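This is what each chain is made of:
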Amino acid sequence: MAAVVADDTIAAIATASGVGGVGIVRVSGPAAIEIACDVLGVSALDRTVRVGWARDKAGTRIDQVLAFAMRAPASFTGEDVAELHGHGGAHNLDRLLGAVLERGARIAEPGEFTRRAVANGKLDLVRAEALLEVIHAGSERAWRLAQQNLGGRLGEVARELETRALGVLAEIEGRIDFPEEDIAPADASAIETELAAIAARCASLAGGFRHGRALSQGITVALVGPVNAGKSSLLNALVGKERALVAAAPGTTRDYLEVADVWSGVAVTIVDTAGTRVTADEIEARGIELGEQRVAGADVVIVVNDGSSAWDDGSRFAERALVIRSKADLGGDVHGALATSASTGQGLDSLKMQVLALAGVADREGSEDAFVTTARQQATAAAARDAFEAAVGAWRAGRVPEVVALEVRQGVHALAQLRGNEVGDRVLDEVFARFCIGK
Ligand SMILES: Nc1nc2c(ncn2[C@@H]2O[C@H](COP(=O)(O)OP(=O)(O)O)[C@@H](O)[C@H]2O)c(=O)[nH]1
Ligand SMILES: [Mg+2]
């Protein structure tokens, strides 16, 4: 990607808002170092840390800070960057930022530092997305996957597939340039094998999205069933804490409740709903409605049967349903479903494993390796898969090489887009809108 030289200088508080020991104001762009020098009243700044008083333009002392600068292109953004490390605290940092802004920097947009880094070729789009995931990682496995992709793992896989595809393309195009030469059957089958292998790898990348997304974003699990089926008790037993109120009186849970937990390194949000029953209570009716909305968006729906009413097979939730029989310690028919008991703990570990499996989480060695984690990445991997599968089909059908080459080129284009090359501003806008200001 060609370096894009931004002509303006951006600034933002790069640390979390709220109270902290230290807070950082980051400045990037052509005037960054000059502005930081002026704030400190020094003539030069480099990678050596300096300590000094930051002052506003009127000369009033703001805060004693540490400051240093990095010259382009040896910085995160690839531009001139200066950092002012002040004391943490929202008001202090606002004043420090203000001192930078009044000297001509403008406030950065969400993700703008990273966007500039991508534009300047410091990291590809997949790594930028991974950076966001590292920051937001809510579980060990989410963090590991994000660090793998930040380290360039997914980008490497895409690049390697692209290189292989370009190799096949050269051979196919050779057939276009020299049509009179007969292609040796061995070469023809080698091309077919290679195209099929590339298509299969793209298919597995695209197919890994559920797993990648589940790891990076976590999953939501909803508990549904009639009042008194034991949903709240199950929630408490699953998370090992008394989070939901449990009572023999039906209708104890009138609202829905969300509890965060981590199962096998995966972030899980469990939603306990007010049981479904016809009610004249307005608040309870509203609670049921809100709960239903959360159920609609859940990755897995645990359908709880306590055996006291008609068996619910959960078929309305299709493949998201995980049907269980609760209160198994009381005995009775389990209808072949997973038997659980909040009282004895029976079946709870199996339940967690089945939930993760249903959500697409693969629990195997290396399952944090090169997975697509965003809808954007998934769409490009799927486009690559479709193009290479079409290429294999066309080659097998003996179509003219031009047709096969066209498909392969589309596949190569999709792989380039996966890495973030050849993507438009609209896609970049979408990716960076998810970032916070200051990153
Ligand atoms: N024996 C037994 N009783 C249970 C179990 N789970 C829940 N209960 C009882 O069933 C009643 C309703 O439980 P609750 O969790 O509030 O049901 P919910 O309305 O579906 O949330 C309470 O009296 C619980 O003590 C269980 O595993 N075994
Ligand atoms: Mg309840």
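Residues numbered from 1 in each chain as written. Chains lettered and ligands numbered in written order. Predicted model: local features only at pLDDT ≥ 70, side-chain atom pairs only at ≥ 80, totals over all residues. Heavy atoms only, no water.

### A few points about unusual backbone geometry
Here alanine 72 and proline 73 are connected by a cis peptide whose omega angle stands at 0°. Looking at the element boundaries, proline 73 is found in the loop between β4 (61-70) and β5 (81-87). The phi torsion at serine 264 lies on the positive side, around 50°, for a residue other than glycine. With respect to the element layout, serine 264 can be found in the loop between β8 (257-263) and β9 (266-272). Under the relative-accessibility criterion, serine 264 is labelled partly exposed at 46%. Backbone geometry at alanine 318 places phi at a positive 50°, although glycine is not the residue there. Its place among the elements puts alanine 318 in the loop between β10 (300-305) and β11 (321-325). (Helix = DSSP H or I, 4+ residues; strand = E, 2+ residues; numbered from the N terminus. Buried < 20%, exposed > 50% of the residue type's maximum accessible area, 1.4 Å probe, protein only.)

### Considering the site of ligand 1
Near ligand 1 there are 17 residues, and of these Asn228, Lys231, Ser233, Ala342 and Ser343 occur at the shortest range. Protein contacts shield 82% of the accessible area of ligand 1, which totals 580 Å² for the unbound molecule. Here the residues of the shell around ligand 1 are counted per class, giving 8 nonpolar, 6 polar and 3 charged. (Near = heavy atom within 4 Å. Areas by Shrake-Rupley, 256 points an atom, 1.4 Å probe, with all protein chains shown as cover. Nonpolar A, V, L, I, M, F, W, Y, C, P; charged D, E, K, R; others polar.)

### Overview of the pairing of β5
β5 sits mainly inside the fold: 6 of its 7 residues count as buried. Here strand β2 (residues 22-28) pairs with β5 via 7 bridges, running antiparallel. Paired with valine 25 across the bridge in β5 is leucine 84. Of the pairings in the sheet, the one linking β4 to β5 comprises 5 bridges and is antiparallel in character. What sits directly across from alanine 67, in β5, is leucine 84. (Pairing = 2+ DSSP bridges.)

### Structural notes on the domain arrangement of the protein chain
As assigned here, the protein chain comprises domain 1 (10-123), domain 2 (133-208 + 370-420) and domain 3 (216-358). Taken over C-alpha atoms, the centre of domain 2 sits 42 Å from the centre of domain 3. Listed per partner, the contact involves 7 residues of domain 2 and 7 residues of domain 3. Taken together, the two surfaces of domain 2 and domain 3 that pack against each other cover about 510 Å², and 53% of this comes from carbon and sulfur. For the pair domain 2 and domain 3, the number of links is 0 salt bridges. On the surface where domain 2 and domain 3 come into contact, there are 3 residue pairs in polar contact (both at pLDDT 80 or more). The leading source of residues in the side of domain 2 that touches domain 3 is helix α5 (residues 140-150), at 3 residues. By residue class, the composition of the side of domain 2 that touches domain 3 is 1 nonpolar, 3 polar and 3 charged. (Domains from an automatic or database assignment. Contact = heavy atoms within 4.5 Å. Buried area = accessible area lost by both parts, 1.4 Å probe. Salt bridge = Lys/Arg side-chain N within 4 Å of Asp/Glu carboxyl O. Polar contact = N/O pair within 3.5 Å; in protein donor to acceptor, adjacent residues only side chain to side chain.)

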